[in-house]
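# Fold and contact review
If you want the building blocks of each chain, they are given just below.
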4 protein chains.
Amino acid sequence: MIAHEQIQYHNQAQAPEHETRLQFIEGVLERKGFNPRQIIEQIRAFQIAIPSWALGTGGTRFGRFSIGGEPRSLEEKIEDVGLIHQLNRSANSISLHIPWDIPKDVPALKQLLTQHGLTIDSVNSNTFQDQKDQIHSYKYGSLCHTENAVRQQAIEHNIQCVEHGKQLDAKVLTVWLADGSNFPGQHHLRKAYQRTAESLADIYSAMPPDWTMLIEYKPYEPNFYSMIIPDWGTSYALCQYVGKNAQVLVDLGHHLPNTNIEQIVGRLMHFGRLGGFHFNGSMYGDDDLTTGSIKPFQLFLIFNELVDGMNDPAVKNPDIAWMIDASHNTKDPIEDLLQSVNGILAAYARALLVDRAALSQAQEENDVVQAEELLRDAFLTDVRPLVAEAMRLDGGAIDPLAAYRAAHIRASLIEKRGKFSTATGL
Amino acid sequence: MIAHEQIQYHNQAQAPEHETRLQFIEGVLERKGFNPRQIIEQIRAFQIAIPSWALGTGGTRFGRFSIGGEPRSLEEKIEDVGLIHQLNRSANSISLHIPWDIPKDVPALKQLLTQHGLTIDSVNSNTFQDQKDQIHSYKYGSLCHTENAVRQQAIEHNIQCVEHGKQLDAKVLTVWLADGSNFPGQHHLRKAYQRTAESLADIYSAMPPDWTMLIEYKPYEPNFYSMIIPDWGTSYALCQYVGKNAQVLVDLGHHLPNTNIEQIVGRLMHFGRLGGFHFNGSMYGDDDLTTGSIKPFQLFLIFNELVDGMNDPAVKNPDIAWMIDASHNTKDPIEDLLQSVNGILAAYARALLVDRAALSQAQEENDVVQAEELLRDAFLTDVRPLVAEAMRLDGGAIDPLAAYRAAHIRASLIEKRGKFSTATGL
Amino acid sequence: MIAHEQIQYHNQAQAPEHETRLQFIEGVLERKGFNPRQIIEQIRAFQIAIPSWALGTGGTRFGRFSIGGEPRSLEEKIEDVGLIHQLNRSANSISLHIPWDIPKDVPALKQLLTQHGLTIDSVNSNTFQDQKDQIHSYKYGSLCHTENAVRQQAIEHNIQCVEHGKQLDAKVLTVWLADGSNFPGQHHLRKAYQRTAESLADIYSAMPPDWTMLIEYKPYEPNFYSMIIPDWGTSYALCQYVGKNAQVLVDLGHHLPNTNIEQIVGRLMHFGRLGGFHFNGSMYGDDDLTTGSIKPFQLFLIFNELVDGMNDPAVKNPDIAWMIDASHNTKDPIEDLLQSVNGILAAYARALLVDRAALSQAQEENDVVQAEELLRDAFLTDVRPLVAEAMRLDGGAIDPLAAYRAAHIRASLIEKRGKFSTATGL
Amino acid sequence: MIAHEQIQYHNQAQAPEHETRLQFIEGVLERKGFNPRQIIEQIRAFQIAIPSWALGTGGTRFGRFSIGGEPRSLEEKIEDVGLIHQLNRSANSISLHIPWDIPKDVPALKQLLTQHGLTIDSVNSNTFQDQKDQIHSYKYGSLCHTENAVRQQAIEHNIQCVEHGKQLDAKVLTVWLADGSNFPGQHHLRKAYQRTAESLADIYSAMPPDWTMLIEYKPYEPNFYSMIIPDWGTSYALCQYVGKNAQVLVDLGHHLPNTNIEQIVGRLMHFGRLGGFHFNGSMYGDDDLTTGSIKPFQLFLIFNELVDGMNDPAVKNPDIAWMIDASHNTKDPIEDLLQSVNGILAAYARALLVDRAALSQAQEENDVVQAEELLRDAFLTDVRPLVAEAMRLDGGAIDPLAAYRAAHIRASLIEKRGKFSTATGL
């Protein structure tokens, strides 16, 4: 953790430039008819969950280059998220991964969470790896497996995840299935789907009624011919099969080349089935890069759909779980996450600046150029002072990344946890 | 048309080699437990619709190079399909495109169809171009348009298509929408979807109860930011909204790079919503090349799903409309279509040769290599003699392409119709 | 044309907000050590060529929806570009397309150009369509054709293009070849390449020594199996074969999905072979949308490479020809071009704001986060006031698009040229 | 190893069906003017190198599911390849990976190789992982690194690889660089390229004059923004820079979506710079699946280019190193490799069956349909009896996969080496 005073001290140096920029943008927005303070309030209210598995160095099948100081336990992961939240005041929850994060001393964990102002937003099951004590292997699938015993084991594991989640007051189970096939013929595609649907229904029926099941889709990797749930259409059909509280989870990196993701987002909200988001950045596939690092305009367009849908009373979509899911192969994980949260908030802020009445009129009149210009105007606005102000008002840093660096936190973590500590995760 | 004797004469020369090859493959299949004559019967029964718009030279936005002798009227299009069917006995129907193929003298057309052994399988509406006498433009969409008057015009046009179809005993309306947007902001994505859904429902309610509406999807072109119906998930959701007799149409060229199409086919059959196929070949996008010319293994895998689903009593999928949809920029259209039908039948024949009991066992046992080998064995079998025999038995040519060339038909068509005739179409 | 007074009058209304924003950004930049006036001067000096073929409504193979008022002659095209240049003072040249733009009255054309402050930057040959009076067809290729007579005709046409260019003081020949094949086997890939290389060498040897030949590449369309020049590697090898003054032209839409274009730009500058640019925007393929409309961050990264290379004395790259190549299917072409020029200048302006010394240091130290943040800081800066000021200082409009709309120019053009005028072009 | 008698015994059962099929295909080919025995001889002569790193179970970043019985040493790897070669007589060499395969007892290794009829074809360097005893990390690159010391270490490692190779009479160094960047700004793209070029030149100058350096390219993974050598154009430019004995290596999985790989193959042969191949199969990216399992027609088209180029005296291309590079996540690695060799030989055999004189004529006459049909005829021919006969004549199995399974070899290996042995590799 970082002392509150350290952040304040750091902010003092940044304050004059920040104030100048903030006043300017507030003036611009006011002249355009916006209430900048209200927008800052909306940014303050936007909170993103940090995945417990993204606090260590990530890697590829070709290797991993550890940074050191990685959290060695759930407690240390909570500390790291606490630090992030202290710096940016926008990351008030954690996504857990079972079995990596099985809670042991629940009361102590709860106290630790409270101390950091954190909650557990969701639990994520893992049936893509074999654990040491596991009876059946997931080599050929889990919820889709041809053998009933394997499916039951995987169902049981998911139900166990819910149990762990309940202990820590989570309300969301995220199911990502690596299930699929590497070669034509390996799977009977229809039967494998049906077995998956039934397994999900079994898990669902074991969930408390106030829980949500999020069903993720991904077109390829780790299977390279077919994935059981390759696209939003399959997730959506499974949700219809499973029940009212099953929702689709959109991971930004889980799409084929050139997919219009914002349209999928709009569709799912229209159907009332957009339940959660895994934010990350990508250029080729599931690259799991920093959110907003590669396609910031696409991220803005996605938030444009989200904001539009969330403000439309005709849309009957539940609250959406905002989560990061990324892997940090070359960056300090904490720096990457600070950048990601910033990228997300900036995209959200810009979407709040779209003049929706004017946009609606341009759309109705098929004034293509005007409609586009209205979006671009919001996108081109430099919203960084608004995001910084939202953080500052909550006691966070004007520039969380700079504050983190100035405090030499990674060096302290390495000193404390060791150069070769490795976090559980990917 | 080609004289029956000409085909017989041509067949005589090919007969000895054909017989040798046929006997060999029959022997191979019998030793593997198949009944080759039954397979030949199944091939004989498989009939594919030829699109009226594919009988002329196609082109791209960069140009078009006419071949000459192209059909100048619906009657001449019927003649061309009649010729194809005479040669291969596997193309007994025509897909019409309205307004290009509005029937005038219905009784004469019916007689002409009967004379050629043809039927009309479906009518295709066109709201992607403006016609001369049209009041409202489709520049900014048709069924999704912001203005009610434009939508009504497009709905009316589709209903008119059904009327034309009824006259010629068709039972299928195919709806492909070019509707979409070229720029972010142009469309309100959710509203545009909802308007489309309601327009489709209006058309559907005007259809006779024994008609089927096929809803096609396409990710891009002619719109390059968003398409109203970009993927199977959207088509599927629209079918659910519209009614029981609405089905998804899969066009092989309408997918993002690397899509596993055979899995989509399996999913849709599982849901009972696979209504039709537009066959063609492609490497990059909607290239509309000869079916089977680029990815013959993928075509086989698609037929593997189809055959598996059609033989599974648990699958409640309606009969599927088999149609070609292609464009012939560098080939003689008739030659291209003869090749395409051959490619389709060969893929179907191979799918019939899959040992499904053994495959099912390998799948249940997760014997990945064996499952794959079973598929590969069917794919690697040279089924050409089976396809040729199916055609021969029905009075067609052993080698339709060679027979067509030997009869110098294109030269006759040019002589009859002119060097610079152009067919309506793309 | 628009009266100078009209622009001034329009600017008056915009001036106060413009001044406020300009002063702010100047202050920000000065505090960061930049000289904003120098950056504005660099923006003023940046001039982009407008393609003569992009002044009319574009279309796809599925149709075209005319806007009316399209230029009916080279003279009217010059007028339209003159208007664009008058509004934004950043489009001082025209790319011609032969045979669509064959100059007739050369002295009058030169006078017209001078009057509008314009020059001809390049001539583009067309061997992808057959012209009426043409002896040989390009259906099966031009410079790659198997028949010598066809190749000679295409070579001759290119030399003719140079002749037309000379008359109007152009110095650049742009060669884009549609040559390719639709099916495996159609081309002997090596021979077709060699014939192309020799044809290009023949054209090159007929060019004046102060001319540049730009060789464009494109992976697909209008051929869908292979293109003679599919990628930068092929263009580069051809340039090496042809001679010193042959350079690669990069069209932003001519890449396979997920290509890192900025890296190609850097490579070509490193090799001293980046000769020209065709700017446009795209999401799927050669969509020819407004520059910067889909991937503004990518456009910035490309300019980041360009600015870096242009300022590096170690780079021996010639001056680069900046050209737009786009198609306007749903927008008013003039509005689209005004947006595109704006998008290009904004990307250029941001690239000028990169702190290159700090970036270089971060790169040397492998400080990934810092290097990225430096780029992002430049990208996130709202540079619109700088671009507007550059235009204003040269007598252009602060907001060219708004000025164009306010003057109701399209309505005048329709009145003058008719509702159904169509420009030559795609 | 498997007893020679076991193979013979196994062949006896397969012989009758094999003979029948062989006689048939020989007859077909003779009637078409081919000499089937000569083709069989060509297949016999075609030998493929097996990568030492592909004999264990592969995995993804998400996990690995071991099969057991994996080779624990270079000696055991040689045994496994020896077994493969004994079964199919078409895999007479091994690609080594340093440091995983550093030879210790060289004379003993040479004897073991001789005993199995094997040679070492190439050595592969590894600068994508950090080894335990390594001074500098490759986290931020190796041959491209900003620090001279890191580059020198990587150069030294490559030279060391050559030294190890010399001991075992290899003549080829394969360089695959994971070097690249994950984020815009991380690399100075031009400088990173230049450093790489110079490092490669240093390694090259240390190689014996009869050695070849193969330079591999890959568009992404493990870096997800830019790779130092992303495409064939970069490999080619580096080869030109480095020297005459530097050649491009094509790995089938290292291309962006929809790349026409066979055209690249033809280009490189035309330039005399195609030095080696890494065979594998893929659907999405570098999936490293069984060769021929996903796109068998593409594999045939690649071999069509290869055979055409190898038989053309005008082509001055060196002999090509044929190597497999794959990863086996769900299959028994030995079964996968047996399938892959079969897939490669089948593609080669079909390419030998192309009637090149007729194809050339069709190409010259632009008879697109005929040219395509000639290729398809070769592709559709069931060449499996020819491949089987080539293996049988050399003492191998008619059906190597079936013979391997019948001999229960995996079970023996597990018994001998243990259930949880793991091979070095990916």
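If you're wondering where the values come from, they're calculated on a predicted model, not measured in any experiment.

Throughout the structure, instances matching the rule amount to 88 aromatic pairs over all chains. Between A:Phe128 and D:Phe62, the ring centres sit 5.8 Å apart and the planes meet at 85 degrees, which makes this aromatic pair edge-to-face. In this pair, A:Phe128 sits in the loop between β5 (119-124) and α5 (148-167) while D:Phe62 sits in the loop between β2 (59-60) and β3 (63-64), so the two residues belong to two different chains. Accessibility expressed as a relative area gives 5% for A:Phe128, which makes it buried. Taking the relative accessible area as the measure of exposure, D:Phe62 reaches 5% and is therefore buried. Through successive ring pairs, a cluster of aromatic residues spans A:Phe46, A:Phe277, A:Phe279, A:Phe303, A:Trp322 and A:Tyr348. Between the NZ or CZ atom of D:Lys331 and the centre of the ring of A:Phe183, over which it lies, the distance is 3.4 Å.

What follows deals with the confidence of the model for chain A. Do not read the predicted coordinates in detail wherever pLDDT is low. Of all residues in chain A, 99% have pLDDT values of 70 or greater, and the mean over the chain is 96. Interface scoring of the predicted complex returns ipTM 0.97; its pTM is 0.98.

Taking burial as the measure, the 11 residues of helix α7 (residues 232-242) of chain A include nine buried ones, the bulk of the element. A:Trp232, A:Gly233, A:Thr234, A:Ser235, A:Tyr236, A:Ala237, A:Leu238, A:Cys239 and A:Val242 are the residues of α7(A) that are buried. Where α7(A) is buried, its residues meet α6 (189-206), β8 (212-216), β10 (246-251) and α8 (261-270) of chain A together with α7 (232-242) and α8 (261-270) of chain B. At the C-terminal side of α7(A), A:Gly243 shows a positive phi close to 150 degrees.

Let us look at the UniProt feature "domain: Xylose isomerase-like TIM barrel" (unreviewed entry) in chain A. Those places that UniProt annotates as "domain: Xylose isomerase-like TIM barrel" (unreviewed entry) correspond, in this numbering, to residues 103-288 of chain A. As annotated, residues 103-288 of chain A comprises 38% helix and 17% strand, and the C-alpha atoms at either end are separated by 26 Å.

When chain D is fitted to chain B, the residual RMSD is 0.0 Å, and the transformation amounts to a turn of 180 degrees plus an axial shift of 0.0 Å. The transformation just described matches what one would write down for a two-fold rotation axis. By C-alpha distance to the rotation axis, the residue of chain D lying nearest is D:Asp382, at 2.9 Å. In this assembly, 100% of the residues forming the interface of chain D have copies in chain B that are likewise at the interface, indicating an isologous arrangement.

Across the boundary between the two partners, chain B contributes 56 residues, which contact 56 residues of chain A. Both sides together, the interface formed by chain B and chain A hides about 4,800 Å², and carbon and sulfur atoms give 52% of it. When residues of chain B are sorted by the area they lose upon contact with chain A, B:Arg190, B:Arg267 and B:Asn366 head the list and together hold 15% of the total. Inspection of the chain B/chain A interface yields four salt bridges. Between A:Arg190 and B:Asp312 there is a salt bridge whose closest N-O contact spans 3.1 Å. On the surface where chain B and chain A come into contact, there are 27 residue pairs in polar contact (both at pLDDT 80 or more). Among the secondary structure elements, those contributing two or more residues to the side of chain B that touches chain A are α6 (189-206), β9 (226-227), α7, α8, α9 (296-310), α11 (356-364) and α12 (368-380) of chain B. Of the residues in the side of chain B that touches chain A, the class split is 24 nonpolar, 21 polar and 11 charged.

With that settled, the discussion passes to the interface of chain D and chain B. Chain D puts 38 residues into the contact, and the matching count from chain B is 38 residues. Note on chain D versus chain B: buried area summed over both sides is about 3,400 Å², and carbon and sulfur give 51% of it. For B:Lys331, the salt bridge identified is with D:Glu372, shortest N-O distance 2.5 Å. Remark: the boundary between chain D and chain B carries 14 residue pairs in polar contact (both at pLDDT 80 or more). Top contributing element to the side of chain D that touches chain B by residue count: helix α12 (residues 368-380) of chain D, with nine residues.

Quick notes on the rules
Every chain's residues receive numbers from 1 upward, in the order its sequence appears when written. Here every chain gets a letter starting at A, and every ligand a number starting at 1, in the order they are written. Local features in this predicted model are restricted to residues whose pLDDT is 70 or higher, and side-chain atom pairs enter the listing and the counts only when it is 80 or higher, whereas totals over whole chains, interfaces and linings include all residues. Processing note: side-chain calculations cover all non-hydrogen atoms of the structure and skip hydrogens and water entirely. Working definition: rings of Phe, Tyr and Trp (its six-membered ring) pair if their centres are within 6.5 Å, and the pair is stacked with planes under 30 degrees apart, edge-to-face with planes over 60 apart, and tilted otherwise. Every helix listed is a DSSP run of H or I at least four residues long, and every strand listed is a run of E at least two residues long, numbered separately from the N terminus. Each residue's exposure class comes from its accessible area (1.4 Å probe, protein chains only) as a fraction of the maximum for that residue type: buried when under 20%, exposed when over 50%, partly exposed otherwise. Charge-over-ring placement is defined geometrically: NZ (Lys) or CZ (Arg) within 6 Å of the ring centre, and within 35 degrees of the ring normal. For every residue, the predictor assigns a confidence score, pLDDT, that lies between 0 and 100. Throughout, a residue-residue contact means that at least one pair of heavy atoms, one from each residue, lies within 4.5 Å. UniProt positions are given in the numbering used here, feature names are shortened, and annotations may be inferred rather than shown by experiment. When the copies are superposed, the least-squares fit draws on C-alpha atoms of residues that have pLDDT of at least 70 in both. Here the quantity called buried area is the total loss of accessible area, with a 1.4 Å probe, experienced by two parts when brought into contact, counted for both. By salt bridge we mean one thing: a side-chain nitrogen of Lys or Arg within 4 Å of a carboxyl oxygen of Asp or Glu. Polar contacts, as used here, are pairs of N or O atoms within 3.5 Å; protein pairs need one atom able to donate a hydrogen and one able to accept it. Residues neighboring in sequence count only if both atoms are side-chain atoms. Ten residue types, Ala, Val, Leu, Ile, Met, Phe, Trp, Tyr, Cys and Pro, are classed as nonpolar, four, Asp, Glu, Lys and Arg, as charged, and the remainder, Gly among them, as polar.

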